[in-house]
Each structure stands twice: as structure tokens, then as C-alpha cells.
Amino acid sequence: MANCRRVPLLEIFYCSLLFFLHVESESLIAKLANNADKFTIQGKGPGARSAGWKLSEEAVCREDLSRLCPKHSWNNNLAVLECLQDKKEDTEIATECNHLLWNYKLNLTTDPKFESVAVEVCKMTIPEDVHSQGEVIACLEKGLVREAEEKHGAHHIRDECKKSIMRVAELSSDDFHLDRYLYFACREDRERFCENTLAGEGRVYKCLFNHKFEEAMSERCREALTTRQKLIAQDYKVSYSLAKACKSDLRKYRCNVDANMSRARDTRLSYLLLCLEAAVHRGRVVSGECQGEMMDYRRMLMEDFSLSPEIVLQCRTEIEDHCSGLHRKGRTLHCLMRVGRGDMGAIEPNCQKALQTLIQEADPGADYRIDRALNEACESVIQTACKHIRNGDPMILSCLMEHLYTEKMVEDCEHRLLELQYFIARDWKLDPILYKKCQGDAGRLCHTRGWNDTNEVMPPGAIFSCLYRHAYRSVEQGRRLSRDCKVEVQRILHQRALDVKLDPELQRRCMTDLGKWCSEKTEAGQELECLQDRLEDLVSDCRDVVGNLTELESEDIQIEALLMRACEPVIQTYCHEVADNQINSGDLMECLIQNKHQKEMNEKCAVGVTHFQLIQIKDFRFSYKFKTACKEDVLKLCPNIKKKVDVVICLSTTVRNDTLQEGKEQRVSIKCRKQLRVEEVEMSEDIRLEPELYDSCKQDISQLCQNVAFGNAQVIECLKENKHQLTSRCHQKIFKLQEVEMVDPELDYQLIRVCKHMIRRFCTESEGKNVLQCLKQNKNSELMDPKCKQMITKRQITQSTDYRLNPVLKKACKADIPKFCQSILNKAPTDNELEGQVISCLKLKYADQRLSPDCEDQIRVILQESALDYRLDPQLQMHCTEEISNFCSDEAAAQEQTGQVEECLKINLLKIKHEACRKEVLNMLKESKADIFVDPVLHTACALDIKHHCAAIQPGRGRQMSCLMEALQDKRVRLQPECKKRLQDRIDMWSYAAKVAPAEGFLDLASQVMTSPSKNYILTVICAAVTLLFLMGLFCGRFTKRVTQELKDR
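Residues numbered from 1 in each chain as written. Predicted model: local features only at pLDDT ≥ 70, side-chain atom pairs only at ≥ 80, totals over all residues. Heavy atoms only, no water.

1. Some thoughts on the packing of aromatic side chains
To keep it simple, the criterion reads: For this analysis, a ring pair means two rings from Phe, Tyr or Trp (six-membered ring only for Trp) whose centres lie within 6.5 Å, classed as stacked if their planes differ by under 30 degrees, edge-to-face if by over 60, and tilted for the remaining angles. For a lysine, the NZ atom is tested; for an arginine, the CZ atom; a charge sits over a ring if that atom is within 6 Å of the ring centre and within 35 degrees of the ring normal.
Applying the stated criterion across every chain, the model contains seven aromatic pairs. Each member of the aromatic cluster is reached from another via a ring pair, and the members are Phe176, Tyr183 and Phe184. The ring centre of Tyr422 lies 3.6 Å from the NZ or CZ of Arg426, which sits over that ring. Just above the ring of Phe464 sits the side chain of Arg496; from NZ or CZ to the centre is 4.2 Å.

2. Here's the deal with the packing of helix α7 (residues 135–148) against helix α8 (residues 159–171)
Rules: An axis is simply a line fitted to the C-alpha atoms; with a helix, the fit covers only the stretch in contact. Between two such axes, the angle follows the N-to-C directions and lies from 0 to 180 degrees. Helix and strand assignments follow DSSP, with helices taken as H or I runs no shorter than four residues and strands as E runs no shorter than two, numbered in order from the N terminus. With respect to orientation, any angle under 35 degrees is reported as roughly parallel, any angle over 145 as roughly antiparallel, any angle of 65 to 115 as roughly perpendicular, and every other angle as oblique. Each crossing is labelled by how the near helix is turned from the far one, with a counterclockwise turn of less than a right angle marking it left-handed and a clockwise turn marking it right-handed. Two residues form a contact once any of their heavy atoms are found within 4.5 Å. In this classification, the charged set is Asp, Glu, Lys and Arg, the nonpolar set is Ala, Val, Leu, Ile, Met, Phe, Trp, Tyr, Cys and Pro, and all remaining amino acids, among them Gly, are polar.
Relative to each other, α7 and α8 sit at 125°, their axes nearing to 10 Å. The angle between α7 and α8 falls in the class oblique. Handedness of the crossing formed by α7 with α8: left-handed. Every residue of α8 that contacts α7 at Ile137, Leu140, Glu141, Leu144 and Glu147 is listed here: Lys162, Ile165, Met166, Val168 and Ala169. The residue inventory of the contact of α7 with α8, partitioned by class, reads seven nonpolar, no polar and three charged.

3. Quick notes on unusual backbone geometry
You will see that Arg254, though not glycine, has its phi angle at about 50°, which is positive. With respect to the helices and strands, the residue Arg254 is situated in the loop between α13 (240–252) and α14 (263–266). Positioned with a positive phi, Ala713 is a non-glycine residue whose angle comes to about 60°. Of note, Ala713 is situated in the loop between α39 (691–704) and α40 (714–721).

4. Some details on helix α11 (residues 203–210)
Rule in force here: Between buried and exposed lies partly exposed: a residue is buried under 20% and exposed over 50% of the maximum accessible area for its type, with that area taken using a 1.4 Å probe on protein chains only.
Turning to α11, its buried residues number three or more, namely Val204, Tyr205, Cys207, Leu208 and Phe209. As for α11, its buried residues are in contact with α9 (180–185), α10 (187–193), α12 (219–234) and α16 (288–303).

5. Here we look at the nonpolar core
Going by this rule: The definition of a nonpolar core used throughout is a set of buried Ala, Val, Leu, Ile, Met, Phe, Trp, Tyr and Cys residues joined through side-chain atoms within 4.5 Å.
In this structure, Leu269, Leu276 and Leu400 are the most contacted members of the largest nonpolar core, which totals 99 residues. Apart from the residues within four sequence positions on either side, Leu276 is in contact with Cys246, Asp249, Leu250, Tyr253, Cys255, Val286, Cys290 and Met294. The next biggest cluster of nonpolar side chains, apart from the first, holds 32 residues, and it includes Cys904, Leu905, Leu938 and Met961.

6. Observations concerning the side chain of Glu833
Mapped onto the elements, Glu833 comes out in the loop between α48 (822–827) and α49 (837–847). When its relative accessible area of 7% is taken as the criterion, Glu833 is described as buried. Excluding its chain neighbours within four sequence positions, the residues that come into contact with Glu833 are Lys723, His731, Phe735, Gln738, Thr801 and Asp802.

7. Some points on the pattern of salt bridges
Proximity of charged atoms lets side chains of opposite charge pair with each other. Keep this limit in mind: Salt bridge, as used here, is a side-chain nitrogen of Lys or Arg placed within 4 Å of a carboxyl oxygen of Asp or Glu.
Applying the stated criterion across every chain yields a total of 66 salt bridges. The residue Arg491 makes a salt bridge to Asp431 at a minimum N-O spacing of 3.0 Å. Of the two residues, Arg491 is situated in helix α27 (residues 483–496) and Asp431 in the loop between α24 (411–424) and α25 (432–446); the sequence distance between them amounts to 60 residues. This pair shows no difference in class: Arg491 is buried, exactly as Asp431 is.

8. Considerations on a nonpolar patch on the surface
Let me state the cut-off plainly: Patch members must show over 30% relative accessible area and no salt bridge, and they are joined within 9 Å when carrying like charges or within 5 Å when they are nonpolar side chains of Val, Leu, Ile, Met, Phe, Trp or Tyr. What sets the accessible areas is the Shrake-Rupley method with a 1.4 Å probe; for residues, cover comes only from the shown protein chains.
Together, Leu1019, Ile1022 and Val1026 make up a nonpolar patch on the protein surface, roughly 230 Å² of accessible area in all. Looking at where Leu1019 falls in the secondary structure, it is placed in helix α61 (residues 1015–1049). Leu1019 sits in the partly exposed class, given a relative accessible area of 31%.

Written out as C-alpha cells, the structure is:
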């Protein structure tokens, strides 16, 4: 047979096949006809027939011939054969006549005289050794295939010859015995694989096709079967069973009556499949027998790439470079698909196009079993994960996609699935469920045509983009998808989010950026996350498509299939109602954010939710609920601002300014203000959601908080606790943040989180801005949670460092601060704490009783709080650090602070060497004169005595302290021993304080007198002294006046 390849096949085809059909040369026809009529016909009738024998003369066929064939064809045996061969599919022919025809066809292709005719006609071109059983025909058929594949050395064959050789193959299509070369090549294989298969109607052919890639199949038989399959691919009529089963459907759906189409294309298997598949996808009825045959040949095309001439021709380089040696069971085709995905290098556009065409012809999306490689690789996954779906249902592929990257998926199935889905994703029609639900919408909105029609204006890859643009339109925008179609579009979006290569538009526009920024991101879902992280660095086209996809995700986060899987426990526990209702309004993501720190939250889900939050800050459109609620407000009040953080700041500032200007109407709408609050709270949860703050503190975080996890505002809390070690820039940002949080405690994420239950218990009626004030008032309640109490103390310590962090104090002392503490303000830094200097200044003025009533009330509260916990007095803590460590370490280490550290410092006043610390302790003593509540130890010891002896006296301005001192001096009053002892200690301390800290001026002296417990006594003495001086003045004045008068009289 090797020599056959050297034969100029044009001559062989042209000459030998003239034997069968009409040709131009009448002399050659006569010669062939004369020889043909001399052939011996072996049949049931008489043994040998004489020269000039005619089929029309046989009695067994005469009735059928008269009924079916025109009379002018009766003299030509071949014309009669063609007529009866064609008609027997539509009508029944006598058994004896069928047998006669079969024998005639058998002898026609096997008798040596046939080959002698071909050799005589083509004696200059056919080698002498090509004359065995059926090898001439086989040689000619292979030549036809080689020309179709444009192989090296192939000869051009004229159309008439092509038609003739295909007719020969067609005539032998019903019984494999008639293809003598294949019969002898496959005799043993037939016995091995198809022993029980009856001959006729192409059954043996189909059986052998099904076993073509079995290991036991001989190579010679496999080669002969492949040649026949290639002929079927060129003309479906070469398959008897397919042509018979689909004949009526082809006629019904006008699949072979296109006058503008050449017969070569009209009879191609691919055209038949596309035409009938289009009818099936349109919901038309195609007979079950025909659909069964179609499925067999679609599977055949997927199993053996060589049956598609376009693949062989256009993908030759890719096969040689990447896919050689993988011929069987569809492996080569899947290897080419992998190359097409870009996993194994570049692919030529023509090869890519040929692959896409083949996938459309085979249509494996309609039934995964068509793809044998996929079927075998995914069998175990289907049996476990998709066993609830009917075998062969198109939803099997969707089920496999849903289990991609899960524990049930196996690696080989994952690869085969992604390779196929890559091509299905590039033509929306290849997903049969999507096409069924959306073909009406696609025609109405995207101007599509039929299933296998092309549209240059709207290519197949662009249809899905058109559909999903309409899927998320509002009612006001109009032209929306039907509900069923929208569900399918969402399903596809969910699947495509698993791999950027499944999104044709994204891959096409972002190819450069993927290579530049994301080449190392190989895990599932990482490439899209990388593009989102690098959004500002992407080229314009890529940035647009990534932005649009992210905007869709914000509305329907279920598009993020990997995230949804990771978050399943949280969704089932906290967000199941939102997920079950499939409300595409951003509610599900909002629910996940709110429950990000629940115990059911795993690391993958938390990371995914946080990543989405970080992406949202890049553009306010990426937050669907915020965009919907505030779009008009943004356009009106914050035009040209795109970043979500900047938009939030802009709107928040507007709301704050309008609130401060009493009586002014709010410019930000109510619905936007509500959503704005949600966004502000979410941003406070993670420092990374506030880029300006994060950038300012990156260095400090790496040095001071490197072991602290992001989220739950833990990093921000760490920075607050280490504020004295922060860089200047970070310190300023943290101070500004604390200032905002103190004005609006709802933005203090840690406080709200830790004290959530206590707020519900104690502060349900308090406004958001008064939450911290309410918690402080209930801090010492027996029902207060210890963790919340600790957090409240932290915030009190923060407030004590600067009056600006205490909005209630700032408002109450608005006039007093510049009046009494201006010198401190003049030296104060703008965005750093004053370390309690202004508050200490106000405390001293409180002791002097010079503050306004509102300011006095607030300072009294601060004094009472700081008297119980030394940490609330920054000046004392700063100047007495060493003394507290030396003298009061046990008291300072106590978990519950009750004023013991202050008492310790007072007792050890004589031991304090540091002047600044001693001054602070003396100030405490001075402040305690003004109000007994400032001295918790004394107040506790004397609580009963105050109740018995001073109940009618209002607290403040030293009144109750004076009452106790008078009771101490009154011998008729018996005080509690502990109270008496503490009072005596205080008198000794005050005496010492008066010695070491004398009055610095008249005002200070007057203040000391007025705040002294012996105020009445001192005032009595002073009044007596003044009276004495007055009387002495009167007496001396009269005496001097008399002396002066006497002198004048002289």
C-alpha cells in the first residue's frame, strides 16, 4: 500500500470511477459497460450469466424496477443499482431482489476484472503490486482523505472523481462485507468484539467503531476504520444507519436544500449535525433514532481528532509540539484544548477557530458523555457529587463546575472540565440550558439569529456579555431579562468566577496585565483577586471590565462561588434567609461583614470577605447598597470623587456640618445617611479600609503590632495603646481618629463590639452619640460585664489625656478653658494630646470654686472618676511613675482600682523627693478639700457619718467636708472610729501641704481659707481681728484729732 501513495490519484479516481457513473467520454463508458456486463453474478438464480446480462431482466427485481425506476435507466445496470439503492430506504423491496443487488455490489468491488479495468484505464499510473482484495478502492479512499487534510504529497482530485469515490463508499455502507479491504483487515477483530452483531444496516461498522481504541484492536483494522470514519465526516451518507435514521428529519428541517451551498458542504457530517442540533435547541422534534445516531457520531468526533480535517490541517504544529502520542480516546483533542487555554504555550488563531468549530459540531455541553475523556476522568465525581441528576442531563456539567476545587473533585476531572468549559464559555449557544432559557431575550436584546447562524455584528462570544449587562438593570432602566434567563446568567457568572480563563472578555482585555502583575497567582480565584488588587495599575480596557465585574459581585456576591463555599457555615447560621431569598441587593455580603468575627467564621471566608471590603474602597460603585442609596447625593455633593473612602468622608463631613449648624436642613438624604453609617462602621473594623490611616502607620504596625491580626479593629487598638511610641504622622492620625470616635462612639468598633450586650442592657434609650456617656454612668453596676468595664476604663483614660477627646467636657467648659488655661493652649500641638494639662488646670479652678456651673459639674465627675483610678489622671501618672513603682506597686497591680494608689501616695507624701510628683499629690489634697467625693477612701470611711450628720447638706464646694470637720471638733458628736482616724490623717496632710506649698498670692490664700475645713473658725478670727483693728482705728483717730486741735489752738 505504500506504493499507492505515489500514484497520481487524480487519474486513478477519474478513470476507475467512470466505471460506476456517467462521464464525459462515451468510448470509455462503452468500454467499462461492456466489461462490467461480463462480470459473473453469484446469486440464488442460475449460476453464470452470459455477456450482455441486465439487472432489469431478472424476474426477482422486475416488479420493483417497474414501480420505482424510470424506464430509460433499465439498460444501465449501474443506473438501476443506484435507483433501487436509494428507493429501498423509503419503500420495501423484495427479499430476492435485495439479495441479488447485494451480490452484484459484492462482485462489483471484488472481482479481479474490476481491477483489470482500472489497471487498463490507468496502466501508466498504477503499480503492478496494487491488485489485492479491495486495495485499489482503499488506496483511492485514502488519497481522497490525504487531499482533504492537505498532507504532503497529496494530489488534487477533481470534483467528479470525489463524488464517484464517495458513491462507492456509500454503496458499501449497509454491510461491511462490501468494503473488502476493511472486511479482510477486521475479520479477526469482528470475531473478537462483534461476534454476536448481525451484518447489515451498518451494524458491524458501528460495533467496530465503538471498539476502535480498545487495546486488543489490531492496528490495520483501526486504520481502516479511521479511513471510513473520515469518509463519513466528508459525507454522512457513507454511514448507512445515520443517513437512514435522519433522512426524514433532514428533509423536514430543510438541511440539504440550500441552493447556494455546494454539495461537498451540504453532505458533510458537521453540517448535518449543526442543522439538526439547531432544530433540537429550538425545541423542534427530532426522532429519537436520529438523535441516537447523532450522539454516536458526535462522540466519534470528540474521540478522534483526525476525523476533523480542519483540526489536522490547522493544528498540525500544535499537535507535533505538544500533543504527539496522545491519539486515543480524545486525549489529543483535550491536549489541544489545554494549549488553547494558554496552559501549554501559544496557539495559532486558525487552530483555535477549528477547535471552537469542532466543539460546536460535537456539542458536548448537551451531554457530557459525548466527551469520552471527560466522562472517564469525572466518572467518580459524577457518582458521588452529581448522582441526583439523570445520566446525560446537561446539568451534569453545571454540577461538576459547582464542585470544582472541592474535596469531591479529582485532579484529572478538574483539568478535563476546565479545558472543555474554556470553549463552551466562548459561545453562549454551547450551554444548552442557557440557550433554552435565554434565546428569546438574546434575540430581543442582543439581535441574535439561529443556533448555527453567524452574526458579524454580535459574535457568539459577545452575546453573554450583552445578556449580563441587562441582567442587573433596574426597573427604571428598562429592557431587563426574563426571570428564567437571569437565573441562568447568574449561574454562568458563578461558574466563570472560578477561573478568569472562563471569561472570554476578561481574558482578552487583561492578557497583558495578567502576565505583568499576576503571573505567580496560580491558585483558584487568585488571578481575579490580583487584578482587583491592582485595579489602579491596569490598562484602561482591563480596568473597565474588572470594574464592571466587581460591581456585579457587589450586587450578587454569590458570583464569587469560592467565597460562598468557604462561607457556607456562616451563611447557614446567620445569613440563610438572605441567601435563600436570592435577593440581589448586596444584603448577603453585608450580612457576612456583620458576622465576620463569629465562631463559625473560618479563615478562608474571613480573608475573602475582607478582600472584598478592601476592593470596595477603590470605588464607591463596588458597594452596591451604598451606590444605590447615595448615588444622587454623590453626584450632587461630591462630584468627581470616585474612591469610596473619599466619598464617605465627603458625605460624613457634609452631615456633620449640617448637624452642627442648628436649624439647617440636611443636604444628604435619609436613605443615604442610614447607609453612610453602615459604611463608616464597617470601615472602622479594619485599618486597611482607611488607606490614609493605614499608609501613615504602616511602619508603626510592623514595629509595634506585627503579631496583631487585622480585623476587629485590633491593629487600631494596638496603635492606641502604644501611642507614645508612634511616629509623629501616625500619632496625629490616631489622635484625629480618636477625636471622631469620641464624638460618635458608634464608630468605635472595639467599644461597640465588646460592650454590645451592655449597651442593650443599659443604653437602649440613649442616642448613638451618648453611648459612651451612658456606659460610664453604669460602669460600676453589679450587672456590668468585666470586659466591657475594662474597655470603658480604656476610653476614660483616653479622654483624660485631652479635653478635645471629651466632647461633653469640651462643650460644658467652652468659656472656662480659654479663660483659665489659655497659656496651655498657646503651647499646645495641633494634633497631639495635651496629656491632661487643660483638665488639671480646670481641676485647680474647681478647687478655687471659680468655674461655671456646667463646667463645674463635669469636672466634679472627672475628679470622682480619677480619684478611684490614678490612670485617669495623666499628669499624676506621668510625674509619679517612679514613686508609684517604689511605694505603691501592690496597689497599682490590683485588678480593680478603688483609689488605693492615690491613698498610698498621700500617705507617702513625706517620702516623695520628686518635686513634680509631690506637687501633683498636693493638688490632690487641695482638690479633696473641695469635695469629699474626690477622696473615695475618706468618703467610704465616713459614709454613715455623712448620712447621720450631714444628710441635709448638699455636696460640693467643700460643704460636706466642713460638716465633718465641725462634727470632729464637736465633743458631743461621736464619729465612726475609721472616719475619725481618716479625718485626722487628712488634717495632718493639709497642714503639711500648707507648709510645703504656701499660698502663692492673695487669691490662692483666699482659696485656701474658703476650702479649709476650719473655714468658719478662720473667718471668725479674721473678722475679730478686723473688728479690733477698726475699733483701734476709731480710738486712735479721735485721739489724734484732739491733739491736732490743741496744737491749732496754741
